[in-house]
Amino acid sequence: MYQSHVREVLAIKDLEVQYPTKRGTVRALRGVDLSVKEGEIVGLVGESGCGKSAMLLATMNLLPHPGRITKGSIRVLGQDTATLGPASVQNLRGRAVSMVFQDPMSTLNPSHKIGAQIREALQVHGLWQQIQKGAREETLAKLLWEVGIPSPKDILSYYPHQLSGGMQQRVLIAIALACRPNLILADEPTTALDVTIEAQILNLFKEINRQNGTAILFVTHNLAVASQFCHRIAVMYAGRIVEEGPIDVILGNPLHPYTQGLLNCIPQFVRGSTLTPIPGDVPELMSDHTGCWFYPRCNRRTSQCTETGKDNVVRTHDGRLVRCWRWATPSLPQGLLESSGEVAVDNYHERD
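Residues numbered from 1 in each chain as written. Predicted model: local features only at pLDDT ≥ 70, side-chain atom pairs only at ≥ 80, totals over all residues. Heavy atoms only, no water.

A. Structural view of the packing of aromatic side chains. Within this structure, the stated rule accounts for 6 aromatic pairs. Where F205 meets F218, the ring centres are 6.2 Å apart and the plane angle is 75°; that geometry is what we call edge-to-face. Placement of the pair is F205 in helix α8 (residues 195–212) and F218 in strand β8 (residues 215–219), with a sequence separation of 13 residues. Since its relative accessible area comes to 0%, F205 is described here as buried. (Phe/Tyr/Trp six-rings, centres within 6.5 Å; stacked < 30°, edge-to-face > 60°. Helix = DSSP H or I, 4+ residues; strand = E, 2+ residues; numbered from the N terminus. Buried < 20%, exposed > 50% of the residue type's maximum accessible area, 1.4 Å probe, protein only.)

Set out below in structure tokens:
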């Protein structure tokens with residue numbers, strides 16, 4: 001458990017992101033709160049379209065047009081990125097926070113050599129000029145060596161297509177590490193890799209976290225990966241975080257029906273066991289709901305779930321957050337549970 005005095009690298013408060021379209025406004029994020037502290041690895045999981053990548057792009061101020069932040073704040077090392085000018089945001093991006101994208105083949109420039117692309121990250125932030133000319137190639141090679149690439153001096157003269165998918169992903173990580181950021185945003189960086197290379201990349205992230213104290217916000221669909229890799233996990237559904245807390249607490253005893261559904265979808269590899277898929281589809285994010293958005297797919301729903309305020313946030317004594325009205329304490333007045341955005345629960349139990 002991370003102590004309160006540890007510095008907060010990323011603090012997202014009540015964040016809303018919208019995309020205006022001809023059919024209506026897509027509410028990609030709806031009141032998201034999330035923090036990442038120094039030395040912490042936080043996993044962000046959920047189905048496709050739930051808002052994971054939108055949160056990372058908003059943090060980097062890279063939302064594609066016409067997406068925009070309509071509410072809330074994003075603070076990186078205490079600085080509110082919404083109040084910074086373009087030059088300040090550019091200085092923050094890559095220096096304080098870096099991003100590793102999902103597909104290295106579409107991220108790396110196919111017409112530039114590997115060395116030139118790493119060098120660019122240093123040039124943008126004025127660090128290249130601070131390196132003595134005789135040590136510049138050695139500096140680039142060292143970055144590749146740190147991410148486990150053999151013969152790094154030779155690789156500097158390669159083009160991306162001359163490398164395997166795993167090697168390309170390592171190059172992206174080297175670029176992200178070039179300026180020694182405090183926070184790395186990893187958007188499903190192992191999706192296109194086989195399981196052997198995936199394990200190597202995850203071990204690399206762990207080593208970066210251990211040696212440098214670099215905080216990592218790791219987006220993944222794979223709960224098994226999250227369980228082995230992350231310290232804390234946040235489960236997203238329809239643009240909101242529905243459960244968040246220490247990884248062993250969440251996966252050992254999930255409270256939200258959606259988290260339970262995700263775990264039931266994991267193959268058990270036991271004779272006679274079957275998968276239990278979550279019924280229905282992810283709701284359209286331009287639709288308007290009252291109460292809980294998971295209601296149509298929930299196998300424990302009641303008529304109360306559709307009432308406004310019935311998905312308020314509840315905090316439990318073991319450090320988790322859950323957005324479900326079924327978890328409350330009888331010692332708190334019902335009016336307090338419904339009117340406040342967050343309720344502290346010391347001895348929680350499921351309400352009948």
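B. Structural detail: unusual backbone geometry. Cis geometry is found at the peptide bond from H65 to P66, where omega equals 10°. With respect to the helices, strands and loops of the structure, P66 is situated in the loop between α1 (52–59) and β4 (68–76). Not every positive phi belongs to a glycine, and S151 is a case in point at roughly 45°. Here R180, not a glycine, exhibits a phi torsion of approximately 55°, which is positive. Within the secondary structure, R180 sits in the loop between α7 (165–177) and β7 (183–187).

C. Structural context of the pattern of salt bridges. On inspection of all chains with the given rule, the structure shows 10 salt bridges. Taking the shortest distance from any N to any O, the salt bridge between E244 and R232 comes out at 2.6 Å. Here E244 is found in strand β10 (residues 240–246), whereas its partner R232 is found in strand β9 (residues 232–237), with 12 residues between them in sequence. Side by side, E244 and R232 carry an identical accessibility label, which is buried. The partner of E243 in a salt bridge is R320, and the shortest N-O contact between them spans 2.9 Å. Taken as a pair, E243 in strand β10 and R320 in the loop between β11 (313–315) and β12 (321–323) lie far apart in primary sequence, 77 residues in all. Salt bridges sharing partners connect three or more residues here, namely E40, R232 and E244. (Salt bridge = Lys/Arg side-chain N within 4 Å of Asp/Glu carboxyl O.)

D. Main features of the nonpolar core. Of all hydrophobic cores here, the largest spans 60 residues; its most connected members are L122, L144, I173, F205, F218 and Y258. Counting residues per element, this core draws most heavily on α7, at 7 residues. Setting aside its immediate chain neighbours within four residues, Y258 contacts G46, E47, V235, M236, Y237, V242, I278 and F294. Counting residues in each nonpolar core, the second largest holds 37 residues, with L15, L92, V219 and L321 among its members. (Core = buried A, V, L, I, M, F, W, Y, C linked by side-chain atoms within 4.5 Å. Contact = heavy atoms within 4.5 Å.)

E. Main features of the environment of C298. Relative to the assigned elements, C298 resides in the loop between α11 (257–264) and β11. According to the relative accessible area criterion, C298 is buried, its value standing at 9%. The spatial distance from the C-alpha of C298 to the C-alpha of I278 is 8.2 Å, given a sequence separation of 20 residues.

F. Inspection of the pairing of strand β1 (residues 8–20) at higher detail. As defined by bridge partners, β1 adjoins strand β2 (residues 25–37) across 10 bridges and the pair is classed as antiparallel. Bridge pairing in β2 links Q18 to R27. Of the strand pairs in this sheet, β1 and β4 are connected by 7 bridges, and their pairing is antiparallel. The residue bridging I12 from the neighbouring strand is I74, located in β4. (Pairing = 2+ DSSP bridges.)

G. Representation of helix α5 (residues 136–146) in the model. Residues of α5 that are buried include every one of R136, L140, A141, L143 and L144, and no others. Looking straight down α5, one finds that the buried residues subtend no more than 150° of arc, so they occupy a single side. Exposed residues on α5 whose side chains face more than 90 degrees from its buried face are K142 and W145. Residues of α5 that are buried make contact with α4 (114–124), α6 (152–155) and α7. In the stretch just after α5, G148 is the one whose phi turns positive, near 85°. (Arc of directions from axis to C-beta.)

H. Region of the structure containing the side chain of E40. Along the polypeptide, E40 turns up in the loop between β2 and β3 (41–45). Relative accessible area serves as the criterion here: at 2%, E40 is assigned to the buried category.

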